[in-house]
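Spelled out, the chains give:
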Amino acid sequence: MNDVPFSLGFKLSLGWREQQMRGQLPPAKGEVYDLLRRRGFDYFEFGVGACKEQDEVLLIRREAAACAECGLGVALHPYLEGPENPAVFGETAESAGAVESVLAAASTAGSISGGPVALVLHPAEWAYEPDTEDLAAARRRLLTRSQDFFVALAECAVALHPQAQPVVEHQVPPTPGERVLRIGDTYAELLEVAAGTDLGICWDTGHYLLSVERHGQAERPPVEFLRRVEGVHLHDVVAGRDHSLISLQSDRLRDYVQTLLGSGFRGNVTLEYSGEAIRSGGSFERVIAESVEVLKAWTS
């Protein structure tokens, strides 16, 4: 059991061990999953692809088994690109196939870890060339395809993969001048994406803070948003760097966590840090220990 009033997780890429060998992540004393469990974490979230390639599915199986051995549950965060992106849902067989493949991977992970698997997914993303598209019309098209994608995902989960628990995540807003549309990079649009389903929302705090800065979004989301939050990707934005470590100086994040708890939230909170941020913390042990102490201070 942990000392915070929610399920606590830690997120890295599925290939985090290879990143560690290349020096992109710091070494750890012993097994990271065991370290997390001893510090009170409940699950590990893996960043994955479309879960169609055999090598990826085998690696999910292997890491899920390692988590289960240490008493950790599993969550998955598929990144769907190219022909699998929700931007082309209904237009490509690959996009429809991604619905089944990510749900099947979640079911596999759940059968190994012995519990439900949160499945965190972004709505559509679309790169465009300047002056060649009606961006308002393109945004409406991408919103509709995102809605259709999540309706199909929700229906397939209920019918065939009850261990999978899909949620719709807040997108990072494009930087000024970046030629890309990301559906759901404001809370209002994210609510639109989820409106036709019973799916919950994953509140990415760093993306939200950037949306406040880049879109003029309200500092705090409305009650209707808070009521749909089932998961959180928790990280700060420090000097413009997303996926930064939380600290006792992260006043806005403390307010978000306390506001969520006040609304009755008891879902999943995942620490989502960049490799650079973890390296800056000195070691896995120190980053994990200090993050837990911050959360305990915010929730005690």
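Anything mentioned here points back to the structure above.
Each value, and the rule that gives it
- Residues numbered from 1 in each chain as written.
- Predicted model: local features only at pLDDT ≥ 70, side-chain atom pairs only at ≥ 80, totals over all residues.
- Heavy atoms only, no water.
- Salt bridge = Lys/Arg side-chain N within 4 Å of Asp/Glu carboxyl O.
- Helix = DSSP H or I, 4+ residues; strand = E, 2+ residues; numbered from the N terminus.
- Buried < 20%, exposed > 50% of the residue type's maximum accessible area, 1.4 Å probe, protein only.
- Pairing = 2+ DSSP bridges.
- Contact = heavy atoms within 4.5 Å.
- Polar contact = N/O pair within 3.5 Å; in protein donor to acceptor, adjacent residues only side chain to side chain.

### Thoughts on the pattern of salt bridges
Per the counting criterion, the structure on display carries 19 salt bridges. The residue E63 makes a salt bridge to R17 at a minimum N-O spacing of 2.9 Å. In this pair, E63 is assigned in helix α3 (residues 54-69) and R17 in helix α1 (residues 16-21), connecting sequence segments 46 residues apart. According to the relative accessible area criterion, E63 is buried, its value standing at 2%. According to the relative accessible area criterion, R17 is partly exposed, its value standing at 27%. Of the charged contacts in the structure, one is a salt bridge between R37 and D42, with a shortest N-O distance of 3.7 Å.

### A word on the pairing of strand β9 (residues 229-234)
Along β9, five of the six residues are buried, which leaves the element largely enclosed by surrounding structure. Across four bridges, strand β8 (residues 200-204) lies against β9 in parallel orientation. What sits directly across from C202, in β9, is G231.

### Here we look at the environment of V212
Examined against the element boundaries, V212 turns out to sit in helix α7 (residues 205-215). Accessibility expressed as a relative area gives 17% for V212, which makes it buried. When the C-alpha positions of V212 and T186 are compared, they lie 8.5 Å apart, and in sequence the two are 26 residues distant. With residues up to four places along the chain from it excluded, the contact list for V212 reads Q217, A218 and E219.

### Quick look at the side chain of E272
Positionally, E272 belongs in strand β12 (residues 268-272). Polar side-chain contacts of E272 include one of 3.2 Å to the side chain of K11. Among the polar contacts made by the side chain of E272, one reaches the side chain of H243 at a distance of 3.4 Å. When near neighbours in sequence (up to four residues on either side) are disregarded, E272 contacts K11, H77, Y79, E169, D204, H233, L234, H235 and H243.

Fair warning: the whole summary comes from geometry, so function is off the table for now.
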